[in-house]
Amino acid sequence: MFLDAIKQFLRYSQKKSLWVFHVNTGSCNGCDIEILALFSSKYDAERFGIKLVGSPKHADILLVTGPVTTKSRDPLLRAYDMMPKPKAVVSVGVCSLSGGVFAKSYNVLGPVDNFIPVHVYVGGCSAHPNMILEGILRAAQILCEEEELWSF
Amino acid sequence: MEFLKDLFLYPGFLFGFVLGGLLEGFKRKLKARMQLRKGPPVTQPFYDLSKLLLKNITKPYRISSFTYLLIPFVPTAALLVGLLIMPYPFYQEKSSFSFDLILIFYLTELPLLSQIIFGYFSNSPYGMIGAARAGQMFFYYNGVFIMVITTLCLLEGPPYSFCLKSIAEAWDPLDVLIKILTIPFFVFSVLAKLKLNPFSIPDAEAEILKGPLTEASGVALALFKLNYLLELAIFGSLFAFFYLPVLKTSPTIGLILILLGAFFLFFIFALVENATARLRLSQFSALYLKFLIPLATLILVITWVFKNW
């Protein structure tokens, strides 16, 4: 029972401490700029313990912007594999949901969820920082409560 | 039994861990408030650390898990010993250690050495660049730090000793003047030791991801974070021992003074971190070689002359 309480606390801290790794798989940089705005003093994502980290090995949540292109597929898969479990993926912007204006281009392979499992979809062109923030917090909820993600 | 209590509770693990975590959280909160943000809760470092304990480990190929975990664990043990050989109130009366400042200095360098080894060992290009930068910086700021502690050890006239207790008890007017003169050098060298903002060259996030720790994950990263928190506690209380009359008063007030001194040091750090941007390695070495090391040496010579006159 004591061990259970400790485990519960550790899972709760997963919800309070979210390290985010950002991958651009070929977007127009619009969503990337909104993600940067999220960490500025106006939206201040750090108040929820959200931090942008440089290495996928430290990350809990993967933010993907843009449709997957032929060149960016392998880096995306490698970054996803490098992340330690439990992990969640948030796809940001309409391009990563369906391809957006880039759909059916000669080098676009398709939306992100054809390649890696996506937990939260944030729409918009470009997505609003508040929406991205809500997406990350919902991913945190999933990360904390979904039993599947903790089986490793 | 008594020793285990020392090691795990009061001057040891629990005290260092809680003090270091609160100092880090306080600094992050203060930084956020200075930028008109709300900032994370003060307990954020504890959440970060306990989250990492449950994470999976994704280590590079061709590295044994034993070494992967051993490298960050060695400095944890060293820093616990470092906490035990500091003359904390309620502890120094019954302790039989000699509170040797050189030993504390040596033990607080081990986390950095382990990071350098980890950076090269992990075979990651970012880790190697970060480790090389950390190794270059090592010689500059430690020059200043050695000057500072040598100056302070001269205060307690001949025979000179590096005992932290005798430094903390030196409070003549001349001693106070010399101590005040060494404060900026102490702050600059500790800023570089803790890799805080103007000197965050080894783990410059925008350029080289996380420097030596790029490949660390799960428990290994948690141990590195724990080492960092213990380091914060050691340097915060070292500041209080050097520059506040901790051992001159009753133990309770001494302990409160240690906490106040540590939090004041981190207030200064938050101020400096917000006001400055990251330097290049060449600017860093120029700052240290042209200004800080000569000035610190000058203060050392002046102290020597005054004390032997």
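See the structure printed just above.
Residues numbered from 1 in each chain as written. Chains lettered and ligands numbered in written order. Predicted model: local features only at pLDDT ≥ 70, side-chain atom pairs only at ≥ 80, totals over all residues. Heavy atoms only, no water.

**Let's talk about the packing of helix α1 (residues 2-16) of chain A against helix α3 (residues 44-53) of chain B**
Then, in step 1: Two elements in contact, α1 of chain A and α3 of chain B, have axes whose closest approach is 8 Å; the angle formed by their N-to-C orientations is 120 degrees. In the packing of α1 of chain A onto α3 of chain B, the handedness of the crossing is left-handed. Each of Phe9, Leu10, Tyr12, Ser13, Gln14 and Lys16 of chain A in α1 of chain A lies in contact with α3 of chain B, whose residues at this interface are Gln44, Tyr47, Ser50 and Lys51 of chain B.
Then, in step 2: Among the residues making up the contact of α1 of chain A with α3 of chain B, the classes are represented as 4 nonpolar, 4 polar and 2 charged. (Axes fitted to C-alpha atoms, helices over the stretch in contact; angles between N-to-C directions. Helix = DSSP H or I, 4+ residues; strand = E, 2+ residues; numbered from the N terminus. Left-handed = near helix turned anticlockwise from the far one by under 90°. Contact = heavy atoms within 4.5 Å. Nonpolar A, V, L, I, M, F, W, Y, C, P; charged D, E, K, R; others polar.)

**Re the environment of glycine 135 of chain A**
Residue and element names in this part refer to chain A.
Then, in step 1: Tracing the chain through its elements places glycine 135 in helix α5 (residues 129-145).
Then, in step 2: We classify glycine 135 as buried; its relative accessible area is 4%.
Then, in step 3: C-alpha separation for the pair glycine 135 and glycine 49, spaced 86 residues apart in sequence, amounts to 14 Å.
Then, in step 4: In this structure glycine 135 touches Val90, Val120 and Val122, once residues within four positions along its chain are discounted. (Buried < 20%, exposed > 50% of the residue type's maximum accessible area, 1.4 Å probe, protein only.)

**Describing empty space enclosed by the protein**
Residue and element names in this part refer to chain B.
Then, in step 1: Applying the stated criterion to the full structure yields 1 cavity of 30 Å³ or more.
Then, in step 2: For the largest cavity, the calculated volume is near 30 Å³.
Then, in step 3: If you trace the largest cavity, you find it lined by Leu101, Ile104, Phe105, Thr108, Phe145, Ile149 and Leu238.
Then, in step 4: The dominant element in the lining of the largest cavity, judged by the number of residues it contributes, is helix α5 (residues 101-121), at 4 residues.
Then, in step 5: Of the residues that constitute the lining of the largest cavity, the class distribution is 6 nonpolar, 1 polar and no charged. (1 Å grid on protein atoms, 1.4 Å probe; cavity = no way out; pocket = protein on both sides within 12 Å on 5 of 7 lines; lining within 4 Å. Points joined across faces, edges and corners; volume = space filled by probe spheres on them.)

**A look at the pattern of salt bridges**
Should their charged atoms come close, side chains of opposite charge can pair.
Then, in step 1: Scanning the entire structure with this criterion turns up 12 salt bridges over all chains.
Then, in step 2: The closest approach of N and O atoms between arginine 28 of chain B and aspartate 48 of chain B, which form a salt bridge, is 3.4 Å. Of the two residues, arginine 28 of chain B sits in helix α2 (residues 13-34) while aspartate 48 of chain B sits in helix α3, which places them 20 residues apart along the sequence.
Then, in step 3: The class for arginine 28 of chain B is buried, based on a relative accessible area of 12%.
Then, in step 4: What emerges from the salt-bridge pattern is a single network uniting Asp44 and Glu46 of chain A together with Arg28, Arg37 and Asp48 of chain B. (Salt bridge = Lys/Arg side-chain N within 4 Å of Asp/Glu carboxyl O.)

**Looking at the nonpolar core**
Then, in step 1: One finds Leu62 of chain A together with Leu164, Phe186, Leu238, Phe241, Phe242 and Phe269 of chain B to be the most contacted residues of the largest nonpolar core, which totals 106 residues.
Then, in step 2: The element that contributes the greatest number of residues to this core is helix α10 (residues 218-243) of chain B, accounting for 18 residues.
Then, in step 3: Leave out the neighbours within four places in its chain, and leucine 164 of chain B touches Met86, Pro87, Phe99, Leu101, Ile104, Leu238, Phe241 and Phe242 of chain B.
Then, in step 4: Among the nonpolar cores identified, the runner-up in size contains 24 residues, and Leu18, Leu38, Ile61 and Leu149 of chain A belong to it. (Core = buried A, V, L, I, M, F, W, Y, C linked by side-chain atoms within 4.5 Å.)

**Section: the pairing of strand β1 (residues 18-24) of chain A**
Regular strands place their side chains on alternate faces of the sheet.
All names here are of chain A.
Then, in step 1: Across the 7 residues of β1, 5 count as buried, placing the element largely inside the fold.
Then, in step 2: Taken together, the 3 bridges between β1 and strand β2 (residues 50-52) define a ladder with parallel strand orientation. Along β2, the bridge assignment pairs leucine 18 with isoleucine 50.
Then, in step 3: What joins β1 to β2 is helix α2 (residues 30-38), and the crossover it makes is right-handed.
Then, in step 4: Note: β1 against strand β3 (residues 61-65), 5 bridges, orientation parallel. From the neighbouring strand, valine 20 faces β3, where its bridge partner is isoleucine 61. (Pairing = 2+ DSSP bridges. Right-handed = clockwise from strand over helix to strand, strands pointing away.)

**Notes on the interface of chain B and chain A**
Then, in step 1: Counting from both sides, the interface comprises 30 residues of chain B and, opposite them, 32 residues of chain A.
Then, in step 2: At the junction of chain B and chain A, the tally comes to 6 salt bridges.
Then, in step 3: Lysine 51 of chain B is paired through a salt bridge with aspartate 60 of chain A; the nearest N and O atoms lie 2.9 Å apart.
Then, in step 4: Within the residue set of the side of chain B that touches chain A, elements represented by two or more residues are α3 and α10 of chain B.
Then, in step 5: Among the elements that line the side of chain B that touches chain A, the one with the most residues is α3 of chain B, at 6 residues.
Then, in step 6: For the side of chain B that touches chain A, the residue count by class is 11 nonpolar, 8 polar and 11 charged.

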